[in-house]
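# Chains, contacts and geometry: an overview
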Amino acid sequence: MATASVPENLTRDQYVYLAKLAEQAERYEEMVQFMQKLVLGSTPSGELTVEERNLLSVAYKNVIGSLRAAWRIVSSIEQKEEGRKNEEHVVLVKEYRSKVESELSEVCASILRLLDSNLIPSATASESKVFYLKMKGDYHRYLAEFKVGDERKSAAEDTMLAYKAAQDIALSDLAPTHPIRLGLALNFSVFYYEILNQSDKACSMAKQVGVIFLFPFFPKQ
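Everything in this summary refers to the structure shown in the same document. Along each chain, numbering runs from 1 in the same order as the chain's sequence is written. Per-residue local features are limited, in this predicted model, to residues with pLDDT of at least 70; the limit for side-chain atom pairs, both in listing and counting, is 80 or more; totals at the level of whole chains, interfaces and linings are taken over all residues. Calculated side-chain values reflect all of the structure's heavy atoms, with hydrogen atoms and water omitted.

## A short note on the overall build of the protein chain
Strands are runs of DSSP state E lasting at least two residues, helices are runs of H or I lasting at least four, and both sets are numbered from the N terminus onward. From N to C terminus, the protein chain includes 8 helices and 0 strands. C-alpha atoms define the radius of gyration, and 2.2 Å times the number of residues to the power 0.38 defines the globule rule. Over its C-alpha trace the protein chain gives a radius of gyration of 19 Å, about what one expects of a compact globule, namely 17 Å for 221 residues. Overall, the protein chain is about 55 × 45 × 30 Å in size when its C-alpha atoms are taken along their principal axes. Think of it in three bands: residues with accessible area under 20% of the maximum for their type are buried, residues over 50% are exposed, and the middle band is partly exposed, with areas taken using a 1.4 Å probe on protein chains only. Burial statistics for the protein chain: of 221 residues in total, 43% are counted as buried. Contacts: residue pairs with any heavy atoms within 4.5 Å of one another. Contacts in the protein chain between residues at least 24 apart in sequence constitute 67% of all its contacts with a sequence separation of at least 6. Surface accessibility follows the Shrake-Rupley procedure with a 1.4 Å probe radius. Residue values consider only the protein chains on display as shielding. When the accessible area of the protein chain is evaluated, it comes to approximately 11,900 Å², of which 54% is carbon and sulfur surface.

See the structure below:
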């Protein structure tokens, strides 16, 4: 994502205001850019406020959510074209899917860099640590959704490490009903179900936090 058009050297409050403005205008890629500038402009010891942290999450979630939906649609069309033996269309769809996957990889790499270089090291509160480690697990999981072979295996392993690290802190420091702890348990169970294909483990984790529903209709978290 290009950042040339993003104003330089604004205050944190100004970047927050612009991020909120971009959110209201549903210009989420620009919202991401404003929050990137805020994070990268912070001092090493400057932990994000809850509001800033949530804005960052919302920005990336909307960008990646649109791309994940596009990938699922294109992949479904690809399967249909393969079933029809329409090779000419299959080639075109595969190329288009590859383009979407490149964009997915770029967005995931962007937030994972911020998490590893700035956000996780600067986190001091347990809530923040769990939030960012959960976020790290989420974006590695999004990579595992479409990667294949060794890349998928690596993404799945990184997802597991991040979720487990978040879980260790959450179980000891956060209340059982804490929203971030509950969200972590839900997404961890999604990982077991969709990526590892361990439905029993996924159902067990979901039931522990009172999330009971049919897994074939599991929401795309």
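## Overview of the nonpolar core
In plain words, nonpolar cores are sets of buried Ala, Val, Leu, Ile, Met, Phe, Trp, Tyr and Cys residues tied together by side-chain atoms within 4.5 Å. One finds Leu56, Tyr60, Ile111, Leu119, Val130 and Tyr139 to be the most contacted residues of the largest nonpolar core, which totals 56 residues. Counting only elements with at least two residues in this core, the list comes to α1 (12–24), α2 (28–41), α3 (50–83), α4 (87–122), α5 (126–146), α6 (149–173), α7 (179–195) and α8 (199–208). In terms of residues, this core owes the most to one element, α5, which gives 10 residues. The split of the chain into domains comes from an automatic or database domain assignment. Counting the residues that make up this core, at least three belong to each of domain 1 (10–122) and domain 2 (125–220). Here Leu119 is in contact with Val39, Leu48, Leu56, Leu114 and Tyr132, once residues within four sequence places are set aside.

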